[in-house]
Amino acid sequence: MVFDISVAMTWILFLALFPIAFFWLRRSWRIAIRRDFSEVALKRGEPPAHAARWAPYELTINAIAGLVLVFVIVGIVAGALPYETWSAIAGSTIWCKFFASFALGRHAHMNATKKAA
């Protein structure tokens with residue numbers, strides 16, 4: 001194996017899976033167990049007026065995405081997933097989670113009153 005840019009990017013993606021999965025599972029833990037809704041459906045860093053209403057959706061998004069990344073990490077370490085498979089699963093999961101959280105945040109803030117200019 002020759003160390004080049006593709007090997008470096010592969011290692012960066014693999015090592016980035018650990019903190020990403022940790023933060024998403026921690027956010028799920030905070031919503032489910034601690035009932036902390038301060039990070040639910042954020043838009044510009046602010047939760048919606050009724051964050052508890054959107055908490056189950058945010059919990060589901062974060063839990064599924066975090067568990068998929070843990071599955072990928074275990075599969076990589078066990079040698080069960082080839083590079084093309086695990087990079088596709090990890091990349092798709094990260095992008096889908098970002099899009100789903102973005103859409104949820106916009107939907108939760110849709111009926112909020114707009115500030116006058």
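For the structure itself, consult the block above.
Residues numbered from 1 in each chain as written. Predicted model: local features only at pLDDT ≥ 70, side-chain atom pairs only at ≥ 80, totals over all residues. Heavy atoms only, no water.

## Things to note about the packing of aromatic side chains
Basically, it comes down to this: The aromatic pairing rule takes the rings of Phe, Tyr and Trp, using the six-membered ring of Trp, and pairs them if the centres are within 6.5 Å, calling planes under 30 degrees apart stacked, those over 60 edge-to-face and the rest tilted. Helix and strand definitions here come from DSSP, where helices need a minimum of 4 consecutive H or I residues and strands a minimum of 2 consecutive E residues; each element is numbered from the N-terminal end. When a residue's accessible area, from a 1.4 Å probe over protein chains only, is under 20% of the maximum for its type it is buried; when over 50% it is exposed; and in between it is partly exposed.
Applying the stated criterion across every chain yields a total of eight aromatic pairs. Ring geometry for Phe14 versus Trp86: centroids 6.4 Å apart, planes at 75°, classification edge-to-face. Taken together, the positions of Phe14 in helix α1 (residues 5-32) and Trp86 in helix α3 (residues 83-108) put the pair 72 residues apart, joining distant regions of the chain. Pair check on accessibility: Phe14 and Trp86 agree, each one buried.

## Re α3
Note the cut-off: Each helix should span, by expectation, one fewer than its residue count multiplied by 1.5 Å. The contact criterion used is simple: two residues touch if any of their non-hydrogen atoms lie within 4.5 Å.
Helix length check: α3, at 26 residues, gives a terminal C-alpha distance of 37 Å against a target of 38 Å (1.5 Å per residue), a fit within 8%. Three or more residues of α3 are buried, namely Trp86, Ser87, Ala90, Thr93, Ile94, Lys97, Ser101, Leu104, Gly105 and Ala108. Close packing links the buried residues of α3 with α1 and α2 (51-78).

## Notes on the side chain of Glu58
Put simply, the rule reads: Each polar contact in these results corresponds to two N or O atoms within 3.5 Å; when the atoms are within protein, one needs to be able to donate a hydrogen and the other to accept it, and residues that are neighboring in sequence are counted only if both atoms are side-chain atoms.
Within the secondary structure layout, Glu58 lies in helix α2. For Glu58, a relative accessible area of 2% corresponds to the buried category. Of note is the side chain of Glu58, whose polar atom sits 3.5 Å from the backbone nitrogen of Ala41.

## Overview of the packing of α2 against α3
How two helices pack is summed up by the angle between their axes together with the distance between the axes. Heads up, the condition is: The convention used is that axes are lines fitted to C-alpha atoms, helices contributing only their stretch in contact, and that angles between N-to-C directions extend from 0 to 180 degrees. Under this scheme an angle from 65 to 115 degrees is roughly perpendicular, one under 35 degrees roughly parallel, and one over 145 degrees roughly antiparallel; angles in between are oblique. Residues are grouped as follows: nonpolar covers Ala, Val, Leu, Ile, Met, Phe, Trp, Tyr, Cys and Pro; charged covers Asp, Glu, Lys and Arg; every other residue, Gly included, is treated as polar.
As a packed pair, α2 and α3 sit with axes 10 Å apart at the nearest point and diverge in direction by 170°. Considered as vectors, α2 and α3 are oriented roughly antiparallel to each other. Only Trp86, Ile89, Ala90, Thr93, Lys97, Ala100, Ser101, Leu104, His107 and Ala108 of α3 make contact with α2, whose side of the interface consists of Trp54, Tyr57, Glu58, Ile61, Asn62, Ala65, Val68, Leu69, Val72 and Ile76. Counted by class, the contact of α2 with α3 contains 14 nonpolar, four polar and two charged residues.

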